[in-house]
Amino acid sequence: MEDQGRVTPAEIRQVDEQTFGITWQDGHKSKYPCDLLRLSCPCAACVDELTGKRQVTPDAIPKDIHPLRIQSVGRYGIQIRWSDQHSTGIYTFDFLRELCLCTVCKGGEKCQN
Ligand SMILES: [Zn+2]
Ligand SMILES: [Zn+2]
């Protein structure tokens with residue numbers, strides 16, 4: 001069950017204009033810059049399904065990108081409608097937990113906050 005809490009969000013919220021935050025059931029807190037989340041969009045338009053190559057570049061993403069709407073998808077993920085009108089990506093909780101940028105997850109790097 002421990003693993004389940006690891007990938008189950010207790011709270012999903014917009015921290016500020018540029019930051020998206022998830023608190024997990026195991027108590028871990030993740031924060032994601034919105035532009036990074038948008039850039040990490042896992043949909044077929046953003047990532048080539050065959051090669052896994054990313055089709056979207058940082059330049060293509062507006063600096064003020066932010067979620068307009070967040071919808072849950074079953075119990076395994078969320079779908080985000082972005083301010084650039086892109087909304088096809090489904091971010092699974094597995095994926096989001098994996099993407100966590102914090103020092104604990106990224107292993108001993110100096111805290112950026
Ligand atoms: Zn996408
Ligand atoms: Zn983390």
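Located above this text is the structure these notes cover.
Residues numbered from 1 in each chain as written. Chains lettered and ligands numbered in written order. Predicted model: local features only at pLDDT ≥ 70, side-chain atom pairs only at ≥ 80, totals over all residues. Heavy atoms only, no water.

A few words now on the nonpolar core. Counting 22 residues, the largest nonpolar core has F20, Y32, L37, I78, W82, Y91 and L96 as the members making the most contacts within it. Among the secondary structure elements, those contributing two or more residues to this core are β2 (19–24), α2 (34–39), β5 (77–82) and α3 (93–99). Once residues within four sequence positions are removed from consideration, L96 is found in contact with I22, W24, Y32, L37, I78 and Y91. (Core = buried A, V, L, I, M, F, W, Y, C linked by side-chain atoms within 4.5 Å. Buried < 20%, exposed > 50% of the residue type's maximum accessible area, 1.4 Å probe, protein only. Helix = DSSP H or I, 4+ residues; strand = E, 2+ residues; numbered from the N terminus. Contact = heavy atoms within 4.5 Å.)

Moving on, we get to the pairing of strand β3 (residues 29–33). Each regular strand shows side chains that alternate between the opposite faces of the sheet. Side chains S30 and Y32 project from β3 onto a buried face, and the interleaved K29, K31 and P33 project onto a face without burial. Note that β2 and β3 share 5 bridges and pair antiparallel. Each bridged residue has a counterpart across the sheet, and for G21 the counterpart in β3 is K31. Remark: 4 residues form the turn of the hairpin made by β2 and β3, two consecutive strands paired antiparallel; G27 in that turn has positive phi of roughly 95°. (Pairing = 2+ DSSP bridges.)

Before going further, it helps to spend a moment on the coordination of the zinc ion (ligand 2). Looking at the zinc ion (ligand 2), one finds its protein donor set to be H28 (NE2), C100 (SG), C102 (SG) and C105 (SG), positioned 2.0 to 2.3 Å from the metal centre. By relative accessible area, which is 14% here, H28 ends up buried. (Donors = N, O, S within 2.8 Å, 3.2 Å for Na, K, Ca; no water.)

Now for the side chain of S30. Residue placement: S30 occurs in strand β3. Take S30: its relative accessible area is 2%, and that puts it in the buried class. At a separation of 2.8 Å, a polar atom in the side chain of S30 contacts the side chain of W24. (Polar contact = N/O pair within 3.5 Å; in protein donor to acceptor, adjacent residues only side chain to side chain.)

It is worth spelling out the packing of aromatic side chains at this point. Using the criterion set out here, one finds 3 aromatic pairs in the structure. Judged by centre distance (6.3 Å) and plane angle (85°), the ring pair of W24 and F93 falls under edge-to-face. Residue W24 is located in strand β2, and its partner F93 is located in helix α3; the two are separated by 69 residues in the primary sequence. Across the pair, exposure class does not vary: W24 and F93 are buried alike. The interplanar angle of 55° and the centroid separation of 6.1 Å between the aromatic rings of Y91 and F95 together place this pair among those described as tilted. Under the relative-accessibility criterion, F95 is labelled partly exposed at 25%. Here the aromatic cluster, defined as three or more aromatic residues joined through ring pairs, consists of W82, Y91 and F95. (Phe/Tyr/Trp six-rings, centres within 6.5 Å; stacked < 30°, edge-to-face > 60°.)

On their own, these measurements won't tell you what the molecule is for.
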